[in-house]
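# Commentary on secondary and tertiary structure
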Amino acid sequence: MKIIALNWKLNPETEKEALSLSGFSDRKGVVIFPPSIFLREIARRAKKAEVGAQNIFWEKKGAFTGETSPSMVRDAGVQWVLIGHSERRKYFGETDETVNKKILAACRAGLRVILCVGEPWSVRGNGVLDAKKFVARQLEDDLRGIKNFKFQIKNLVVAYEPVWAIGTGKSDRPEESAEMARFIKGILNTKYHIPNTKVLYGGSVNSKNIAAFLGADEIDGVLVGGASVRKEELKKMFEISNTK
Ligand code: PGA
């Protein structure tokens, strides 16, 4: 079954709206990533969907004002975490080093990870080959040391999200993201001996283009941002993806 991951980002503003949205999205194959303040209640109510945090810190506890730890997230009944989203890299100073620490911490806590990678337009403009090199370098830095953690194969999912496609309405071409997905799976298989890693596509996925991405064999699902908090869009995307 393909994964439909819903990244709500900093939406919606109230718990009432959040619960209405999560109730609407409570389907098999769906993973909901709400703002952290809504996590516990959404996880408590979800019957079919799984729930994930949009970010975690790498320490378990201590003097780290404003952060949320992997164990706290687990305690809230959450199974997943999104790590390395480009908005976190851009606005919150996330680096490959901090992304790596968070991945290792998530592994230790037994959380399933969606690691986000993807190149900016300054790279992709030079062609797909440069984009592949960029993504390969990100994977190398972000996944450093995972072999030592007996990383459970099923716990890692990679989302290929070209930065220029996020929130722009300009998605990648499905053939090209399928090629990138194949490339990422190849790296994980040969370098980390993690076969069959699921790779999602993210970046301006909506009801009009979701079928093309889900139709590609190499793409194991989608990570939807903007369209994931609009019920009309969700309704159509659920119909197309046949999630129940
Ligand atoms: P978008 O965001 O669908 O709004 O482009 C995708 C994401 O941020 O994961």
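For the structure itself, look to the data block above.
Residues numbered from 1 in each chain as written. Predicted model: local features only at pLDDT ≥ 70, side-chain atom pairs only at ≥ 80, totals over all residues. Heavy atoms only, no water.

For the peptide bond that leads from Asn-11 to Pro-12, omega is -15 degrees, which places it in the cis range. With respect to the secondary-structure elements, Pro-12 resides in the loop between β1 (3-7) and α1 (15-24). One non-glycine residue, Ser-204, lies in positive phi territory at about 55 degrees. Relative to the helices and strands, Ser-204 resides in the loop between β7 (198-202) and α9 (210-214). Positive phi values are uncommon outside glycine, yet Asn-242 reaches one of about 60 degrees. (Helix = DSSP H or I, 4+ residues; strand = E, 2+ residues; numbered from the N terminus.)

The next thing to look at is the nonpolar core. Within the largest apolar cluster, 62 residues are counted, with the highest numbers of intra-cluster contacts made by Leu-6, Ile-103, Leu-115, Leu-139, Leu-143 and Ile-184. Discounting chain neighbours no more than four positions away, the residues touching Ile-103 are Ile-83, Val-113, Leu-115, Asp-142, Leu-143 and Ile-146. (Core = buried A, V, L, I, M, F, W, Y, C linked by side-chain atoms within 4.5 Å. Buried < 20%, exposed > 50% of the residue type's maximum accessible area, 1.4 Å probe, protein only. Contact = heavy atoms within 4.5 Å.)

We now examine the side chain of Ser-25. Looking at where Ser-25 falls in the secondary structure, it is placed in the loop between α1 and β2 (30-33). In this view, Ser-25 contacts Leu-6, Val-30, Ile-32, Ala-49, Leu-234 and Phe-238; residues no more than four positions away in its chain are not counted.

Read around the barrel, eight strands follow the order β1-β2-β3-β4-β5-β6-β7-β8 and close on themselves; strand pairing throughout is parallel. Geometrically, the sheet is characterised by an average inter-axis angle of 25 degrees between neighbouring strands, direction not taken into account. Where β2 and strand β3 (residues 50-53) come together, two bridges link them in parallel fashion. Looking across to β3, one finds that Ile-32 is bridged to Val-51. Across the face of the sheet, helix α8 (residues 174-192) comes into contact with β5 (112-117), β6 (156-160) and β7 while running at roughly 145 degrees to β6. (Pairing = 2+ DSSP bridges. Axes fitted to C-alpha atoms, helices over the stretch in contact; angles between N-to-C directions.)

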